[in-house]
Amino acid sequence: MAELEGLEFGKSDFVLLDEVTMEQFLENLKLRFDKGRIYTYIGEVVVSVNPYRQMDIYGKETIDAYRGRELYENPPHLYAVSDAAYKAMKRRAKDTCIVISGESGAGKTEASKYIMQYIAAITNPSQRVEVESVKNVLLKSNCVLEAFGNAKTNRNDNSSRFGKYMDINFNFNGDPTGGHINNYLLEKSRVVQQQEGERNFHSFYQLLRGGSDEMLEAFHLQKDPAAYTYTKAGVAIATSNNDRASHRAVLSALEVIGFSEEEISSIYQILASILLLGDVQFESDGESVQILGLEAVNHISELTDTDPDCVIKSLLYRTVATGGGEVIEKGHTEQQACFGRDAFAKALYERLFGWIVSRINSVIEVKDYNPVLHGKNTVIGVLDIYGFEIFENNSFEQFCINYCNEKLQQLFIELILRQEQGEYQREGVTWQHIDYFNNQIIVDLVEQPHKGIISILDEACLTVGNVTDKVCLDSMDTKLAQHPHYTSRKLSPTDKTMDFQKHFRIRHYAGDVTYFVEGFLDKNKDLLFQDFKRLMYNSANPVLKEMWPDGQLGITEVTKRPLTAATLFKNSIVALVDKLACKEPYYVRCVKPNEMKSPVLFDDARCQHQVAYLGLLENVMVRRAGFAHRQPYDRFLQRYKMTCEYTWPNHLMASDRHAVEAIVNHYGFQDDVAYGHTKLFVRTPRSLFTLEQERAAVVPILVLFLQKVWRGALARMRCQRMRAIYTIMGCYKRYKVKSHFWEVVRRFANVRTMADYGKSVEWPTPPATLSQFHNNTVLLHRRWWARQIVKNIPPSDTLEVRAKVAALTALSGERKQWGVSRAWERDYLANVRDCPATSSGFVRASKELRNKNEFSWVLFSGFCRKVNRFNRSTDRGLLVTDKFLYKLEPKKQYKVLKRLPLEAFTGLSVTSGADQMVALHTASQDDVLLCLQRGELCPNQDRVGELVGALVDHFTRVRNVQFPVKVCRSAVEFHMRGKPKRVTVETKPGQAIADFKKSRDGFILLVPCN
Ligand SMILES: Nc1ncnc2c1ncn2[C@@H]1O[C@H](COP(=O)(O)OP(=O)(O)OP(=O)(O)O)[C@@H](O)[C@H]1O
Ligand SMILES: [Mg+2]
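Residues numbered from 1 in each chain as written. Chains lettered and ligands numbered in written order. Predicted model: local features only at pLDDT ≥ 70, side-chain atom pairs only at ≥ 80, totals over all residues. Heavy atoms only, no water.

A. Looking closely at the overall build of the protein. Counting its secondary structure elements, the protein contains 31 helices and 31 strands. Scaling as 2.2 N^0.38, a compact globule of 1010 residues should have a C-alpha radius of gyration of about 30 Å, whereas the protein reaches 60 Å, well beyond that. If one aligns the C-alpha atoms of the protein with their principal axes, the spans along those axes are about 190 × 80 × 55 Å. Taking the contacts inside the protein whose residues are at least 6 apart along the sequence as the reference set, 63% of them involve residues at least 24 apart. Charge separation in the protein, taken as the distance between the mean sites of 132 positive and 120 negative side-chain charges, equals 22 Å. (Helix = DSSP H or I, 4+ residues; strand = E, 2+ residues; numbered from the N terminus. Rg over C-alpha atoms; globule rule 2.2 N^0.38 Å. Contact = heavy atoms within 4.5 Å. Lys, Arg positive; Asp, Glu negative; His and termini not counted. Charge placed at Lys NZ, Arg CZ, Asp CG, Glu CD.)

Quick look at the structure:
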């Protein structure tokens, strides 16, 4: 039972039909055909409807889907049956065969090719060269056989005009090791004559249309099929064949198979000879018969490597043995000559075909096979044979073909029933007798010795004298009058569908067929004058000689009459049936949906007819009469366990069989089933259908459930993974942090003892998470480092350091020179080294001031140049203390000229240059503008930085008020008695010391050049 196919495509197995009626069968077949489902099962039999269009169901994916699977696991397909046959062969070392039957154009040959392709595709996975080459020859042989054995007919553009049975041999590995082809009853009459609308065999057109110019010239042929009697009827017929391309394909296939160049050439020489033979004409002058135009004969003798005189002789005379061992030559009549020529042409073609098949066989036969070494050699046979034929005019060929189908039907019934019976026995289930039509009676009608039609025909052929077809019919009428399946007009005079002395009718299992008796005897005799056989045997061409071994007998040696065509055919079919009977059969029953080769038309009447004569309904009935369905317990359970609470998801019973019983009882089917040793047998499809429906209803819920569980599992897995990721990330981060710490600790372990307290130690790059922390630690270290530095500064230097820090901050890098690198002496006027001449006087004056409690300590003192209120500049001593700023007159023992309380000052301005100008701003806008002067200590000392540092430090630290410092790049702005003034700095050559000079809006400080 196929999965993956909904009921909208009909029932995939006819066994599941509600009722086995022709209507339901056809309805299902049509529905499936309309929906593009060309295959349907009857149990293990595949019914195939020719789609007449390319179907996308033979690709690699499809092959993969079917490989090694059970029949019901996939929708019905040829591949499933091929796989079943292959599996049976491989697993159980059983010989199997696939019998493909159906009428002309039903798709047998295509099916056989797909089967072979499938087998080729699934075997030899290790690509062993010798196996590949066997597969290649097997596949390529189709192309050659089709060229020589197929023709365009009114029913099929590529109709096989012979029956084919191919054995493929496999080794114990299941790889093909060789094969053998049997061919049956080639329709050789086609060589000399075709029905209207039909063609000769493809090979002739391929040669004439596709052969190279040189080749055709060498063969004395024209590139035109219309030029030859045997091919001209088929010239105008449109077909889907491309003769030219096919010719190339055949040539390459012949090469691949292993035909030598000489052999290929001989093949085409024979074809050419046949074409030329067809054009040989005779004329009679009343006495003797002559050949018209000997050119063709000469060409024939050249092509067949024979003596031209012998060719002429065999065309015009026949050698006859008289009584006493004498031999005479008897001239033909014109009619006999024509008959002989055509018979020769047909025989040439038939033997050519037979030889090609045997040559292929010699290539693919299993060589060096040793059963001890190689294990059992198993076989899959593929039979592609003509189906039952009922034409307007049914002749000897139809008689043979229909007889063959009777034989195969017999085999079919016997094997199917036998198989069923065998299975029931194996499984220990009681077997019920099934009534079916046994066509043995019809087979007997044809083949029974002495009484059968073939016997009667043979007898007529053997009888000396003028036995005609009519005499033969009479004889049949007499001998078979009582036979229920035989009739003729004489036996049923009222039946006007037959004529007296012309027709007889057989009631075949597939329907009544009326045969036209004319020509039966000739075709059965299949007379070919011995002279032709000898002629060919004596050819210098070894290939030709090989084809005609019977030509070696001299005329007097030929004593026995050759077997008739019917007997030969019968023997070959009996042998075929014997061959098939010992194999496990698989069936493909092909149905042709319409006569128009249309992919959409389903002709009910035609299909009904085919279903009837293929015995498909019977097949369904046989299949259902016993048990419609059987399955091993484990598989049954697997498929239906979800429909029953006791078995889902797993049963707890003693065995699968008990579990299956639980399902069966759950549904109340106990009376509809039988329990075999390994399988459950279900009698009616309805039960199975119920189970299938239950299953179909439960499956979506299960799917949802499985999806739910699976999604949950997926989510849990994802979650676990995320957790793991975070754990790993956490560990890694911790590790990174720790290793950073360790590294910091390692690097900074000894900073206390380092001279620079670790200032030169390089910090390790911190992980991203620690960047903030890193900044903080760097800062901390800096602070600590600064503390260590500051801690070591002696108290005497504290003020100086504070002042420097204050200056650094206040000038904020805008003034380059600010005297940071020198020692700040602060009280320069009191410094003996700086002012050696005046220091003692200043010290005295300053002490006096201090004693008067005017101040506690000196912030700064030094000489300066100062602008007074009359805009004149004078030298003054400047003393800045913690309370006052004093302007002192150095020339009068540092008499205080002016004393300004320190809180009067609000800030100061300096320039960014090297000059020593300072503007001290006051709240009353009466600022002090001065230029500091250096003493002896160092002529180029900068004292601006020191003054700035001392003032800013004092104001911010001691007084706790801001003391803004402005560093000006150009003019310094200040106020004098409330008025805004600007002072710029200019260098002036020749200026000895810096001095102020009045300008338009204030002053210019003139400074010396260097
Ligand atoms: N499975 C298929 N897919 C596509 N086309 C197919 C298929 N089967 C058959 N046909 C078409 O139908 C044509 C006839 O098929 P095929 O030659 O196999 O018939 P046949 O049964 O062998 O007839 P005959 O008895 O005359 O040899 C093919 O040439 C092809 O065009
Ligand atoms: Mg065919």
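B. A nonpolar patch on the surface, seen in detail. Together, M722, I725, Y726 and M729 line one region of the surface with nonpolar side chains, adding up to about 380 Å² of accessible area. Note on placement: M729 falls in helix α27 (residues 685-748). (Patch = residues over 30% accessible without salt bridge, like charges linked within 9 Å, V, L, I, M, F, W, Y side chains within 5 Å. Areas by Shrake-Rupley, 256 points an atom, 1.4 Å probe, with all protein chains shown as cover. Salt bridge = Lys/Arg side-chain N within 4 Å of Asp/Glu carboxyl O.)

C. Fine view of the coordination of the magnesium ion (ligand 2). Protein-derived coordination of the magnesium ion (ligand 2) comes from T109 (OG1) and S160 (OG), at a distance range of 1.9 to 2.0 Å. One end of the pair, T109, is in helix α4 (residues 108-122); the other, S160, is in strand β5 (residues 159-160), with 51 residues separating them in the sequence. By relative accessible area, which is 13% here, T109 ends up buried. (Donors = N, O, S within 2.8 Å, 3.2 Å for Na, K, Ca; no water. Buried < 20%, exposed > 50% of the residue type's maximum accessible area, 1.4 Å probe, protein only.)

D. Spatial organisation of the pattern of salt bridges. Summed over the entire model, instances satisfying the criterion amount to 55 salt bridges. E132 is paired through a salt bridge with K135; the nearest N and O atoms lie 3.0 Å apart. Taken together, the positions of E132 and K135, both in helix α5 (residues 129-149) and 3 residues apart, correspond to about one turn of that helix. The class of E132 is partly exposed, set by a relative accessible area of 26%. A residue is classified by how much of its surface remains accessible, and K135, at 8% relative accessible area, is buried. Measuring nitrogen to oxygen at the nearest pair gives 2.8 Å for the salt bridge that ties K152 to D157. The class for D157 is buried, based on a relative accessible area of 13%. Salt bridges linked by common partners bring E103, K592, E595 and R606 together as one network.

E. The sheet that holds strand β26 (residues 928-932), seen in detail. Strands sit in the order β23-β22-β21-β20-β26-β25-β24-β27 across an open sheet of 8 strands; the sheet is mixed. Every interior strand has two partners, whereas the edge strands, β23 (895-901) and β27 (965-968), have only one. Each adjacent strand pair in this sheet contributes to an overall mean axis angle of 30 degrees, direction not counted. Judged from the 9 bridges that link them, strand β20 (residues 858-867) and strand β21 (residues 873-881) form a sheet pairing that is antiparallel. What sits directly across from G862, in β21, is L878. (Pairing = 2+ DSSP bridges. Axes fitted to C-alpha atoms, helices over the stretch in contact; angles between N-to-C directions.)

F. Inspection of the pairing of strand β24 (residues 905-911) at higher detail. Burial analysis of β24 places 6 of its 7 residues in the buried class, the great majority of the element. As paired elements, β24 and strand β25 (residues 917-922) share 5 bridges and run antiparallel to each other. Following the sheet pairing, L908 is matched in β25 by L920. Hairpin connection between β24 and β25: a loop of 5 residues separates the two successive antiparallel strands. Two strands pair when backbone bridges link them, and β24 and β27 are joined in this way by 4 bridges, in the parallel orientation. Looking at the pairing, T911 lines up with C968 of β27.

G. Local environment of the side chain of H299. Examined against the element boundaries, H299 turns out to sit in helix α11 (residues 295-304). Among all residues touching H299, those that are not within four sequence positions of it are H220 and L276.

H. The sheet that holds strand β31 (residues 1002-1007), seen in detail. Across the sheet, which stays open at both edges, the 4 strands sit in the order β28-β29-β31-β30 with mixed pairing between neighbours. Every interior strand has two partners, whereas the edge strands, β28 (972-976) and β30 (995-999), have only one. On average, adjacent strands in this sheet sit at an angle of 35 degrees to one another, irrespective of strand direction. Relative to β31, strand β29 (residues 979-987) runs parallel, the two being bridged by 6 bridges. Across the sheet, residue T984 finds its bridge partner in β31, namely I1004.

I. Representation of the site of ligand 1. As a structural note, the neighbourhood of ligand 1 is formed by 18 residues, with S104, K108, T109, S159 and S160 the closest of them. N50 is positioned with one of its side-chain polar atoms (N or O) 2.7 Å from an oxygen atom of ligand 1. Here N156 contributes a side-chain N or O atom positioned 2.9 Å from an oxygen atom of ligand 1. Compared with its free state, where it exposes 620 Å², ligand 1 has 87% of that area covered by protein. (Near = heavy atom within 4 Å. Polar contact = N/O pair within 3.5 Å; in protein donor to acceptor, adjacent residues only side chain to side chain.)

J. Representation of the nonpolar core within the structure. F148, L221 and Y268 are the most contacted members of the largest nonpolar core, which has 109 residues in total. The element contributing the most residues to this core is helix α13 (residues 334-364), with 14 residues. Among the nonpolar cores identified, the runner-up in size contains 73 residues, and I385, L408, I454 and V591 belong to it. (Core = buried A, V, L, I, M, F, W, Y, C linked by side-chain atoms within 4.5 Å.)

K. The packing of helix α6 (residues 202-210) against helix α10 (residues 261-278), seen in detail. Where α6 contacts α10, the two axes come as close as 11 Å, and the packing angle between them is 100 degrees. When the axes of α6 and α10 are compared, the pair comes out roughly perpendicular. Counted together, S203, F204, L207 and L208 of α6 and Y268, L271, A272, I274 and L275 of α10 form the full contact between these two elements. (Parallel < 35°, antiparallel > 145°, perpendicular 65-115°, else oblique.)

L. A look at the packing of aromatic side chains. Scanning the model with the defined rule gives 36 aromatic pairs in all. Judged by centre distance (3.8 Å) and plane angle (10 degrees), the rings of F14 and F25 are stacked. You can see F14 sitting in the segment before α1 (22-34) and its partner F25 sitting in helix α1, a full 11 residues away along the chain. Summarising the burial analysis for this pair, F14 and F25 share the class buried. Three or more aromatic residues joined by ring pairs make a cluster, and in this case those are F396, F399, Y486, F504, Y515 and F520. In this structure, R899 is placed above the aromatic ring of F884, and the distance from its NZ or CZ to the ring centre is 4.0 Å. When the ring centre of F955 is taken as origin, the NZ or CZ atom of R959, which lies over that ring, is 5.6 Å away. (Phe/Tyr/Trp six-rings, centres within 6.5 Å; stacked < 30°, edge-to-face > 60°. Lys NZ or Arg CZ within 6 Å of the ring centre and 35° of its normal.)

M. Structural view of a negative patch on the surface. Taken together, the side chains of E283, D285, E287 and E334 make up a negatively charged region of the molecular surface. In this structure, E283 sits in strand β8 (residues 281-284).

N. Region of the structure containing the environment of V761. Tracing the sequence through the fold places V761 in the loop between α27 and α28 (771-791). Under the relative-accessibility criterion, V761 is labelled buried at 16%. Along the primary structure V761 and V744 are separated by 17 residues, whereas in three dimensions their C-alpha atoms are 9.8 Å apart. Beyond its immediate stretch of four places on either side in the chain, V761 contacts R747, F748, V751 and M754.

O. Focus on the environment of N1010. Note on placement: N1010 falls in the segment after β31. Residues N1010 and A236, 774 residues apart in the sequence, show an inter-C-alpha distance of 122 Å.

P. Broad picture of the side chain of R318. Within the secondary structure, R318 sits in strand β10 (residues 317-321). Here R318 occupies a buried position and makes no salt bridge, while the nearest side chain of opposite charge, D531, is found at 7.0 Å. Looking at R318, its side chain comes within polar contact range of the side chain of Q336, at 3.4 Å. Once residues within four sequence positions are removed from consideration, R318 is found in contact with I328, E329, K330, G331, H332, Q336, F529 and D531.

Q. Representation of helix α3 (residues 78-92) in the model. Compared with the 21 Å implied by 1.5 Å per residue over 15 residues, the 21 Å span of α3 between its first and last C-alpha is a close match. A large share of α3 lies buried, amounting to 12 of its 15 residues. Of all the positions in α3, only L78, Y79, A80, V81, S82, D83, A84, A85, Y86, K87, A88 and M89 are classed as buried. Immediately beyond the C-terminal end of α3, within one or two residues, lies A93, with a positive phi of roughly 55 degrees. (Expected span 1.5 Å × (residues − 1).)

R. Region of the structure containing the packing of α4 against α5. Interaxial distance between α4 and α5 falls to 10 Å at its minimum, and their mutual angle equals 165 degrees. With respect to α5, the axis of α4 lies roughly antiparallel. As α4 runs across α5, the sense of the crossing is left-handed. Taken together, the residues of α5 that come into contact with α4 (itself represented by T109, K113, M116, Q117 and A120) are K135, L138, L139, N142 and E146. Class assignment of the residues belonging to the contact of α4 with α5 gives a composition of 4 nonpolar, 3 polar and 3 charged. (Left-handed = near helix turned anticlockwise from the far one by under 90°. Nonpolar A, V, L, I, M, F, W, Y, C, P; charged D, E, K, R; others polar.)

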